[in-house]
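Analysis of the macromolecular model
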Amino acid sequence: MYRWNDMSGTLLVPAAGVLWGTVGPAQVMAATHASPVAVGGARILSGGAILAVAALALDRGSFRGLRDAWRPVLAAAAATGTFQAAFFSAVDRTGAAVATAVVFGLVPVSTGVCERVVFGARPGPRWWAGTACAVGGVALLAVPGGEVHVDPVGVALSLVAGCCFGVYTVAAKQLTGRGVGMAAAVSVTLVAGGAVLLPWTVAALPALAEPRGAALVGWLGVAATAVAYMCFVAGLGRVSAATAGTLSLVEPLVAVVLAVLVLGEPMPVPVVAGTALLLGGLAVVSVPRRRAGRYDGVHATGAVKVEQTTGERL
């Protein structure tokens with residue numbers, strides 16, 4: 001019997017990845033005069049504000065439960081703010097395709113390590129196999145071509161962003177297990193992270209108010225932040241953090257496809273091979289598995305019992 005929760009989780013997380021995959025290409029296309037850090041700050045501040053309004057409209061008491069979950073909220077906020085500054089700066093220095101590929105090549109590893117440290121969960125063979133294929137595919141996507149410029153500082157910033165994504169994923173996973181209002185939790189982490197970047201955002205307000213800047217922030221705030229983050233945390237409530245990290249590798253795939261089709265970048269053989277390998281890895285992780293056991297809230301049997309007692313993801 002296939003579990004609907006697993007299947008919906010493996011659809012929602014990639015949906016978030018598709019929206020996130022538009023971030024780098026959108027930044028390149030907009031060519032705004034605002035600094036990358038200012039764009040990142042404006043993105044999460046606007047997205048967080050939208051989610052906060054939605055959370056208040058749906059349930060005014062949804063923010064109260066966050067007082068007892070301040071540690072994961074603080075960790076998620078710090079990771080979010082740092083990620084924005086590092087990622088947008090990396091895109092500015094080394095391009096959307098390379099920056100996105102490096103970030104999300106590291107994400108499964110950083111997420112798996114963080115989940116192991118925080119939850120003690122051990123990813124199973126399918127996760128290792130799928131992650132190996134996906135990371136190999138991302139590595140091929142990042143192979144420099146004739147017109148591709150790889151900046152060492154940009155790559156280093158991408159690695160920082162990849163580590164931050166792992167921290168955020170596990171912190172958000174902690175919040176899903178505490179029964180807090182996730183729209184409220186995500187909005188707080190985004191606004192708090194954006195507050196750290198507020199000096200850069202305020203300084204760049206004239207550039208962000210220009211048509212290109214406003215359009216960029218509008219897309220990033222609504223689609224690539226508010227909608228994407230809610231898809232991600234909703235899916236995260238149905239799959240493990242490590243699996244979510246691997247499924248999010250759809251983001252560099254989308255970024256590369258947009259770079260080729262929209263930005264007119266070339267598609268050399270390594271990119272084609274990397275795309276195929278990445279899709280294969282995502283398929284290994286995302287195809288729902290048949291469970292031998294069941295869990296009815298009281299009794300656990302078979303594969304479910306193994307996960308409940310050992311923490312191992314089969």
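Residues numbered from 1 in each chain as written. Predicted model: local features only at pLDDT ≥ 70, side-chain atom pairs only at ≥ 80, totals over all residues. Heavy atoms only, no water.

Assigned secondary structure in the chain consists of 15 helices and zero strands. Within the span of the chain, comprising 314 residues, buried residues form 51% of the whole. The long-range fraction of contacts in the chain, counting pairs at least 24 apart against all pairs at least 6 apart in sequence, stands at 87%. If you sum the accessible surface of the chain, you get close to 13500 Å²; carbon and sulfur atoms cover 68% of it. (Helix = DSSP H or I, 4+ residues; strand = E, 2+ residues; numbered from the N terminus. Buried < 20%, exposed > 50% of the residue type's maximum accessible area, 1.4 Å probe, protein only. Contact = heavy atoms within 4.5 Å. Areas by Shrake-Rupley, 256 points an atom, 1.4 Å probe, with all protein chains shown as cover.)

Here we take up the packing of helix α7 (residues 152-176) against helix α8 (residues 182-196). For any two helices packed against each other, one specifies the inter-axial angle together with the distance between the axes. As a packed pair, α7 and α8 sit with axes 10 Å apart at the nearest point and diverge in direction by 145°. By crossing handedness, the relation of α7 to α8 is classed as right-handed. When α7 is examined against α8, the residues Tyr168, Ala172, Leu175 and Thr176 are found in contact with a partner set consisting of Met182, Ala185, Val186 and Thr189. Among the residues making up the contact of α7 with α8, the classes are represented as six nonpolar, two polar and no charged. (Axes fitted to C-alpha atoms, helices over the stretch in contact; angles between N-to-C directions. Left-handed = near helix turned anticlockwise from the far one by under 90°. Nonpolar A, V, L, I, M, F, W, Y, C, P; charged D, E, K, R; others polar.)

All right, on to the nonpolar core then. Judged by nonpolar contacts, the single largest core of 68 residues is most densely connected at Phe87, Tyr168, Val186 and Phe232. Not counting the four nearest positions on each side in its chain, valine 186 is found in contact with Leu51, Tyr168, Tyr229, Met230 and Val233. (Core = buried A, V, L, I, M, F, W, Y, C linked by side-chain atoms within 4.5 Å.)

Another point: helix α11 (residues 211-236). Its 26 residues place the ends of α11 35 Å apart at the C-alpha level, agreeing with the 38 Å of an ideal helix rising 1.5 Å per residue. Along α11, the sharpest change in direction is near 30° and occurs at alanine 228. (Expected span 1.5 Å × (residues − 1). Bend = angle between axes of the 7 residues up to and from the residue.)

Turning to the side chain of glutamine 27, a few remarks are in order. Looking at where glutamine 27 falls in the secondary structure, it is placed in helix α2 (residues 23-30). By relative accessible area, glutamine 27 is classed as buried at 9%.

On to unusual backbone geometry. Backbone geometry at alanine 31 places phi at a positive 50°, although glycine is not the residue there. Looking at the element boundaries, alanine 31 is found in the loop between α2 and α3 (36-58).

Our focus in this paragraph is the environment of cysteine 164. As for its placement among the helices and strands, cysteine 164 is situated in helix α7. Apart from residues no more than four positions distant in its own chain, cysteine 164 is found in contact with Ala79, Thr82 and Phe83.

Mapped onto the fold, serine 89 is located in helix α4 (residues 70-94). Those residues in contact with serine 89 that lie beyond four places of it in its chain are Pro36, Val37 and Leu157.

All right, on to the packing of aromatic side chains then. Where two aromatic rings form a pair, the distance of their centres and the angle of their planes describe that pair. Inspection of the entire model under this criterion finds eight aromatic pairs. Taking the centre distance of 5.5 Å and the plane angle of 10° together, the rings of phenylalanine 83 and phenylalanine 87 count as stacked. Taken together, the residues span about one helical turn, with phenylalanine 83 and phenylalanine 87 both in helix α4 at a distance of four residues. You'll find phenylalanine 83 and phenylalanine 87 in the same group, each marked buried. An aromatic cluster is present here, built from Trp20, Phe83, Phe87, Phe88, Phe165, Tyr168, Tyr229 and Phe232 joined pairwise through their rings. (Phe/Tyr/Trp six-rings, centres within 6.5 Å; stacked < 30°, edge-to-face > 60°.)

Before going further, it helps to spend a moment on a nonpolar patch on the surface. Residues Val109, Val113, Val117, Val118 and Phe119 make up a contiguous nonpolar surface patch of roughly 440 Å² in combined accessible area. Looking at the secondary structure, you find valine 118 in helix α5 (residues 96-119). Note on valine 118: relative accessible area 41%, which makes it partly exposed. (Patch = residues over 30% accessible without salt bridge, like charges linked within 9 Å, V, L, I, M, F, W, Y side chains within 5 Å. Salt bridge = Lys/Arg side-chain N within 4 Å of Asp/Glu carboxyl O.)

This next bit is on the state of the cysteines. Evaluation of the coordinates by the stated rule reveals zero disulfides. In this structure cysteine 163 is not part of a disulfide, and its nearest cysteine sulfur, from cysteine 164, lies 7.0 Å away. Under the relative-accessibility criterion, cysteine 163 is labelled partly exposed at 41%. (Disulfide = S-S within 2.5 Å.)

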